[in-house]
Amino acid sequence: MTHESKDLWLSSNQVEYVLAHFEMCWNVSCDVRELIWYGPIDDEDSKHIVVPKSASPFDVAKVIEVEGSWVLFPTEDVKSHVVPREGSIVFTHDIFRSIFFVLSGQYELDVRDRDRYGRVPYHSTFFSALNTLHRPIVNEMYDVLAQAVQLAMPRVTVRRKRLASSFVFLLTHDIDVVSKFNHYLLRSRLKKFDFGYIWNWLRYWTMSEEKRLAYDPYWTFDLLGQLSDQYNLRSTYFFLPQGDGPKDARYDMTSPRLRSVISQLVNRGDEVQLHGTMASYQDQDEMLRNVRLLEEVKGSSVEGIRQHRLCYDEHCTPSIHSHSGISYDATLGFAEQEGWRRGFCFPSRPYNHRDDCSYDHWSIPLTVMDATYYHYQDFDVDSAKKSFSTLIDEVSRYGGVLSLLWHNSSLDDDQIESVSLMYRDLLKIAKGSMATSLTCSQLINQVDEA
Ligand SMILES: [Zn+2]
């Protein structure tokens, strides 16, 4: 075994990170650390469960699926996850490294490709190669670990922990633009000779301010509130500061109208948090400017962030979030594909790969974005409903969390065919599946208290 390969072994902090997340979704009536030997099989202690260390680099060609769960780092010919050997239950693969690789985002560190927004493209990740983003694969791996504990220790109680009896539904709205009749959009429509839009733009600007709000298909705060009330849901809104022209907010959150909307949302029991500007995911000063601005507007501290356009760099963004004093980030999902980017349908701690320790804030998975369905995958309403129902089936098995991002500007049927019907139908499905609706902070408080 070479020195370089030994560097791929998990550190004790990384193993503890894996076990701490295991204890979020499984309750074991003894300390699992006492039961498990993690190391070379030759050196094994007389422990009940043995997990061998793999020192191989990740190779997607070697990944196999066994008994409904992925094996990312096999150490022998794998036909089952565990085999009984000399009184112990011995894993045939390094399940700890598989879990850490996905859950901590380690797999993203070596992806060099970036799309036009600077994002890691879904198609450059192993998730795409295995077509498995729609399954919470880390939860599946934890199930395998729980079964091994039960097999090794029949008298120990091993019980699944759930966040809700069915699942937690997080309804979220990113506010990028609040009017369809802004000058940025006019400029692009003029170039396309879109006379219908230009006519509507002229009509809009001849109306009184009250009539304008009712006429504007992007000013949907009342409609979003009515739909939430109809299905008894609460929402988390993420408001974007102005920054780099049309790349950031096309509105001013410090204006009287936006201040009034923000205080109304808070008063009705919804949550208002920060939508970080394009530069903020890799610029600490810009992030602090963002945080201070929203804190001044809403008059209380910023607890959560979602980055605009879901920009996220595993090398620097978690550190920036950590230094901003927030409790959670809700960015992690792929724009192009629905599912769980950390393989885990629970909140997880981002990992500081440089200093080999866990961060203190939480990452809440983003499971589905509106544009993932109608734009990136070109789904019609039926395809979206089918995909959404599949995700609910998955998350309900674990009592985990499913979050939906629906932009306030994604209710305009003139722009996107049947988009408002798609939204209503997804809410209907979520409610019909006995979802527990929480805001993001309510979920984090619940997890912190557990
Ligand atoms: Zn955005």
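Here the residue numbers are simple positions, counted from 1 along each chain's written sequence. For this predicted model, a pLDDT threshold of at least 70 governs which residues receive local features, and a threshold of 80 or more governs which side-chain atom pairs are given and counted, while totals over whole chains, interfaces and linings are taken from all residues.

Chemist: So what exactly am I meant to see when it comes to the overall build of the protein here?
Modeler: Going along the chain from the N terminus, every DSSP run of H or I of four or more residues is numbered as a helix, and every run of E of two or more is numbered as a strand. From N to C terminus, the protein includes 16 helices and 19 strands. Taking 450 residues into account, the globule formula puts the C-alpha radius of gyration at 22 Å, and the protein, at 24 Å, falls close to it. A principal-axis box enclosing the C-alpha atoms of the protein has dimensions of 85 × 45 × 40 Å. Sorting the 450 residues of the protein into buried and exposed places 42% on the buried side. Note on contacts: each residue gets a C-beta atom placed from the backbone, and two residues are in contact if those atoms are within 7 Å. Taking contacts inside the protein between residues at least 6 apart in sequence as the whole, the part at least 24 apart equals 73%. The reference for a compact globule is 2.2 Å times residues^0.38; the radius of gyration itself is calculated from the C-alpha atoms. Comment: burial labels come from other C-beta atoms within 10 Å of the residue's own C-beta, placed from the backbone, where a count of 20 or more is buried, 12 or fewer is exposed, and between is partly exposed.

Chemist: Looking at this structure, how should I read the nonpolar core?
Modeler: One recurring pattern in soluble globular proteins is that nonpolar side chains are buried together. Structurally, a nonpolar core is described as a collection of buried Ala, Val, Leu, Ile, Met, Phe, Trp, Tyr and Cys residues joined by way of C-beta atoms within 7 Å. With 110 residues, the main nonpolar core has Phe96, Ile99, Leu170, Phe239 and Val401 as its most contacted residues. Among the elements that make up this core, the one with the highest residue count is helix H5 (residues 137-152) (nine residues). Each of two domains, domain 1 (3-160) and domain 2 (168-180 + 216-449), supplies a minimum of three residues to this core. Once residues within four sequence positions are removed from consideration, Leu170 is found in contact with Thr236, Ile364, Val401, Ser403, Leu438, Cys440 and Leu443. Throughout the structure description, domain borders are defined by an automatic or database domain assignment.

Chemist: I would appreciate a short explanation of the sheet that holds strand S6 (residues 82-85) in the present structure.
Modeler: Strands pair in a sheet through their backbones, by hydrogen bonds, and they do so in one of two ways: parallel or antiparallel. By definition, two strands form a pair when at least two bridges between them are found by DSSP. The four strands are arranged S2-S3-S7-S6 in an open sheet whose pairing can be described as mixed. Looking at the sheet topology across the chains shown, the edges are occupied by strand S2 (36-38) and S6. Across the sheet, the axes of successive neighbouring strands diverge by a mean angle of 25 degrees, strand direction being ignored. Here S2 pairs with strand S3 (residues 49-51) via three bridges, running parallel. When the bridges of S3 are listed, Trp37 appears paired with Val50. Interaxial angle, 0 to 180 degrees, is taken between N-to-C directions of lines fitted to C-alpha atoms, where a helix line uses only the stretch in contact.

Chemist: Looking at this structure, how should I read the pairing of strand S11 (residues 271-276)?
Modeler: Most of S11 sits out of view: six of its six residues are buried. Where strand S10 (residues 235-239) and S11 come together, four bridges link them in parallel fashion. The residue bridging Phe239 from the neighbouring strand is Leu274, located in S11. As for the winding sense of the linkage, the β-α-β connection from S10 through helix H10 (residues 256-267) to S11 is right-handed. Orient the strands so they point away from the viewer, and a crossover whose first-strand-to-second-strand path over the helix runs clockwise is right-handed. Assessed by its sense of winding, the connection that carries the chain from S11 through helix H11 (residues 284-298) to strand S12 (residues 304-307) is right-handed.

Chemist: What is the right way to read the domain arrangement of the protein from this model?
Modeler: A common way to report how large an interface is uses the accessible area buried once the components associate. Here the protein is partitioned into domain 1 (3-160) and domain 2 (168-180 + 216-449). Counting from both sides, the interface comprises 24 residues of domain 1 and, opposite them, 28 residues of domain 2. Only helix H2 (12-25), helix H3 (95-103) and H5 provide two or more residues apiece to the side of domain 1 that touches domain 2. When residues are grouped by polarity, Ala, Val, Leu, Ile, Met, Phe, Trp, Tyr, Cys and Pro land in nonpolar, Asp, Glu, Lys and Arg in charged, and all others, Gly among them, in polar. Classifying every residue of the side of domain 1 that touches domain 2 by side-chain character gives twelve nonpolar, nine polar and three charged.

Chemist: Hey, could you run me through helix H6 (residues 183-191) in this one?
Modeler: Residue pairs spaced three or four apart in an α-helix point in one direction, given the helix's 3.6 residues per turn. With zero of nine residues buried, H6 is to be regarded as a mostly surface element. Phi for Phe193, located one or two positions after H6, is positive at around 50 degrees.

Chemist: When you look at the packing of H3 against H5 in this model, what are you seeing that I'm missing?
Modeler: Relative placement of two packed helices is described by the angle separating their axes and the distance separating the axes. Relative to each other, H3 and H5 sit at 160 degrees, their axes nearing to 10 Å. Overall, the two elements H3 and H5 adopt an arrangement that is roughly antiparallel. Here H3 runs over H5; the crossing is left-handed. From H3, Ile95, Ser98, Ile99, Val102 and Leu103 reach across to H5, where they touch Ile137, Val138, Met141, Val144 and Leu145. The residue inventory of the contact of H3 with H5, partitioned by class, reads nine nonpolar, one polar and no charged. Oblique is the label for any angle not under 35 degrees, not over 145, and not in the 65 to 115 range, which are roughly parallel, roughly antiparallel and roughly perpendicular in turn. Crossings are assigned a handedness: left-handed for a near helix turned anticlockwise from the far helix by less than a right angle, right-handed for a clockwise turn.

Chemist: Before we go on, may I ask you to explain H5 in this structure?
Modeler: Working rule for helices: expected span equals 1.5 Å times residues minus one. Counted at 1.5 Å a residue, the expected span for H5 with its 16 residues is 22 Å, and the 23 Å between its end C-alpha atoms agrees. Among the residues of H5, Ile137, Val138, Asn139, Met141, Tyr142, Val144, Leu145, Ala148, Val149 and Ala152 are the ones counted as buried.

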